Amino acid sequence: MNRLGSILVLLCLAVSGSAAAASKDDAYLVNKRDFKKTYKVVALAPVDADPYLEMPDSVAAMLEQEVTARLQKRGYTVIPSSVLAGIRKTMEGQVGGLQHPETGEVDLAKQQAVREHAFRELWFQQQFDALATIRVTVHAVPMESDRVEWDGTKQKLTYEGRGKKYSAKVAVSSVSVAIFDSANKPLYLYYGGLEPLMYRKQEQLEPLTADRFFLDEKRIRKAAQIAVSPI
Amino acid sequence: MKKRMPLLGLSLLLAATAAYAAKVVPAYESPSLPVEADEIDLWERASSHENRLRNAGTVFHDRHMEAYIEALAARMLGDSIDHLGIEIDFVLVREPTLSAWAYPYGTIGLHTGLLVRMDNEAQFGAILAHEISHFLQRHTYREMLDGDKQSKVGKGLGFLASLAMAKETGTFDKGVMDIAGNLWENLATSGYSKKNEYVADEEGLELMMRAGLPIDEAIPAFEALGENEVYGAGDPRKMWSSHPRLEDRIKNLRKEIKRAKRKKTFVDADMPVAQDYFRGIAPALLMNARLDINERKFRRAREALEKYLMVVPDDPEAHYLVGETYRRANPLGPEFESCQAAYRSALEHDSAFAPALKELGMTYRVQRQGAAARDAFEQYLEHAANAADAGIIRAYLETL
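Residues numbered from 1 in each chain as written. Chains lettered and ligands numbered in written order. Predicted model: local features only at pLDDT ≥ 70, side-chain atom pairs only at ≥ 80, totals over all residues. Heavy atoms only, no water.

## Looking at the interface of chain A and chain B
- Chain A puts 21 residues into the contact, and the matching count from chain B is 24 residues.
- A buried area of about 1800 Å², summed over both sides, lies between chain A and chain B, and 60% of it is on carbon and sulfur atoms.
- Of all residues in chain A, A:His117, A:Arg120 and A:Phe124 bury the most surface against chain B, accounting for 35% of the area lost on that side.
- Here chain A is connected to chain B by two salt bridges.
- Here A:Arg120 makes a salt bridge to B:Glu359, at a shortest N to O gap of 2.7 Å.
- Looking at the side of chain A that touches chain B, the elements with two or more residues in it are α1 (3-17), α4 (81-94) and α5 (108-125) of chain A.
- Per-element tally for the side of chain A that touches chain B: the top contributor is α5(A), with nine residues.
- Looking at the side of chain A that touches chain B residue by residue, the classes come out as 12 nonpolar, five polar and four charged. (Contact = heavy atoms within 4.5 Å. Buried area = accessible area lost by both parts, 1.4 Å probe. Salt bridge = Lys/Arg side-chain N within 4 Å of Asp/Glu carboxyl O. Helix = DSSP H or I, 4+ residues; strand = E, 2+ residues; numbered from the N terminus. Nonpolar A, V, L, I, M, F, W, Y, C, P; charged D, E, K, R; others polar.)

Right, dumping it as structure tokens:
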């Protein structure tokens, strides 16, 4: 599927799947006071992104840094994602690697087994109360006169060539932070808007190429900060 | 499941054709094929929608279950089955929410979540009869002719159908929904008009009686719809329980039941045996329990598994899944007795049932019961030496 096709699919999915929290109060899926009382030590899972975005490791590090800083500032003890990443790596070795030795394709059953056992092993090995996941997601938001406002951020679409301002739905990325308890029950979910994934080319909306994502460090950090701002 | 259930014949079709001209839409007491261009268009678009749903990969096929539902519908339609015209078909969707809907040409859509929430054949029959009535009464077409003035009265079955389809097809399909002035979209977001819902309620009771089902069971069936839970992004509760309309509908049903019972011809039917129903829908009970477990609806899953085990007590997978409902709710304990008992029940029925052996080992490991964990893991590897996680389990064994 070409990039435009991917964007269209993502837009379609977003119509039913976009789930940005409307206000900071909505971020807590359990009583906020109980959350703060019950959960003191938070482990982080490695930062994940929609494969379409081709997120560089340096961006993942930035996002984790911002989330960690906020959690620590609020008095939480944080177990870095490197702990879970280490367990995963060990387990990948135990199953003989995730790639098929001949075809080089990822063995999905092994990948799933490693993922599931690694989470369970983290809970078995470490003393912590909740697990936080950080993910860069793609969804669609309405654009009014070339401006988009979503998940706590406002931006204007870049454009090439002249054309009238118009309104449509555009694909954007957001940073989501979700926190779960040991039974995988969601406790917290909030989004921070990152950047539009499309630009105006005269009268058309065109998808940006992946090399034009994640270029603005300030935006990246701000998106993570918004996603943890209710904490 | 392409058993065709014909309805009525030519004379009524001619009468219907005459009535079309005046835009007075007769019921399909009766139908045959539509003759008006707008109704043909409606059928084509709905059919395209159904095809997309069927190709989305979430349709649940089980011949035994399909035959059971078809037989129940045949009892409702009675003699009219002998008159050629149109057919009733079913599309069963793997989806834990409670939803049913009727395509304008007689295909009835059913979520497995709805099937498993019903406690007997009469309750399921009440919903099925209601949907068949929407078809027989040509309510989709009537709504189209009426425009949107009535269809915004309340919310109903249509929204859930569309929500489900949006999930399954990846998009809320306005291309199909938006028929003749947003008709289908209105149905999708607002349900049928109050009048048409009441007509379907009333005719639904008639169909239940024809099938020999106790009509009182329509009440718990509709009440169960109000207990629809939140799954994923949608909130089906808003469609049913929080809207006064469901209460109105139940109130109306009570009135209709009383009226039906006052008729001299009324014959009270016996309560059907619950197990007969559970046997009929057994594959859905097991499959939907898996969906509910994945959605962390553990109590719901356990209820479905209890129904399943009443009629298929020897299935190790069902016992294992009961164990999963307990373990996943509290994976770190401290209580492991319930899940371990369920895993052991699975192994009593099949001592080589690998998933139960593994989870037994995993729970013993969390409890630091090294010997018991070792025993379970060794048996697991004996029966699942090539499992994707075999290497990980071997590594666990080295630490015990």
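## Notes on unusual backbone geometry
- B:Pro334 follows B:Gly333 through a cis peptide bond whose omega is 10 degrees.
- Topologically, B:Pro334 is positioned in the loop between α16 (316-329) and α17 (337-349).
- One non-glycine residue, A:Glu54, lies in the positive phi region at around 50 degrees.
- Structurally, A:Glu54 is set in the loop between β2 (48-49) and α3 (57-73).
- Of note, A:Asp146 is a non-glycine position whose phi angle comes to about 70 degrees, a positive value.
- Position of A:Asp146 among the secondary structure elements: in the loop between β4 (130-144) and β5 (147-150).

## Thoughts on helix α18 (residues 354-366) of chain B
- For α18(B), with 13 residues, the first-to-last C-alpha span of 19 Å sits near the 18 Å given by 1.5 Å per residue.
- Burial runs high along α18(B): 11 of the 13 residues are buried.
- Of the positions making up α18(B), those classed as buried are B:Ala354, B:Ala356, B:Leu357, B:Lys358, B:Glu359, B:Leu360, B:Gly361, B:Met362, B:Thr363, B:Tyr364 and B:Arg365.
- Those residues of α18(B) that are buried lie in contact with α5 of chain A together with α16, α17, α19 (370-383) and α20 (390-399) of chain B. (Expected span 1.5 Å × (residues − 1). Buried < 20%, exposed > 50% of the residue type's maximum accessible area, 1.4 Å probe, protein only.)

## Focus on the nonpolar core
- In this structure, B:Phe124, B:Leu128 and B:Ile132 are the most contacted members of the largest nonpolar core, which totals 108 residues.
- A total of nine residues in this core trace back to one element, the largest contributor, which is helix α5 (residues 121-136) of chain B.
- Among the domains, domain 1 (10-262) and domain 2 (314-399) of chain B are the pair contributing at least three residues each to this core.
- Every residue in contact with B:Ile132, bar those within four places of it in the chain, is listed here: B:Ala73, B:Met76, B:Leu77, B:Ile88, B:Ile108 and B:Leu207.
- Among the nonpolar cores identified, the runner-up in size contains 54 residues, and A:Leu63, A:Val148, A:Tyr199 and A:Ala223 belong to it. (Core = buried A, V, L, I, M, F, W, Y, C linked by side-chain atoms within 4.5 Å. Domains from an automatic or database assignment.)

## Points about the packing of aromatic side chains
- Scanning the model with the defined rule gives 15 aromatic pairs over all chains in all.
- Ring geometry for A:Phe35 versus A:Tyr39: centroids 5.4 Å apart, planes at 45 degrees, classification tilted. Across the pair, exposure class does not vary: A:Phe35 and A:Tyr39 are buried alike.
- Cation over ring: A:Arg212 sits above A:Tyr199, and NZ or CZ is 5.1 Å from the ring centre.
- Seen from the ring of B:Tyr326, B:Arg302 lies directly overhead, with NZ or CZ sitting 4.2 Å from the centre. (Phe/Tyr/Trp six-rings, centres within 6.5 Å; stacked < 30°, edge-to-face > 60°. Lys NZ or Arg CZ within 6 Å of the ring centre and 35° of its normal.)

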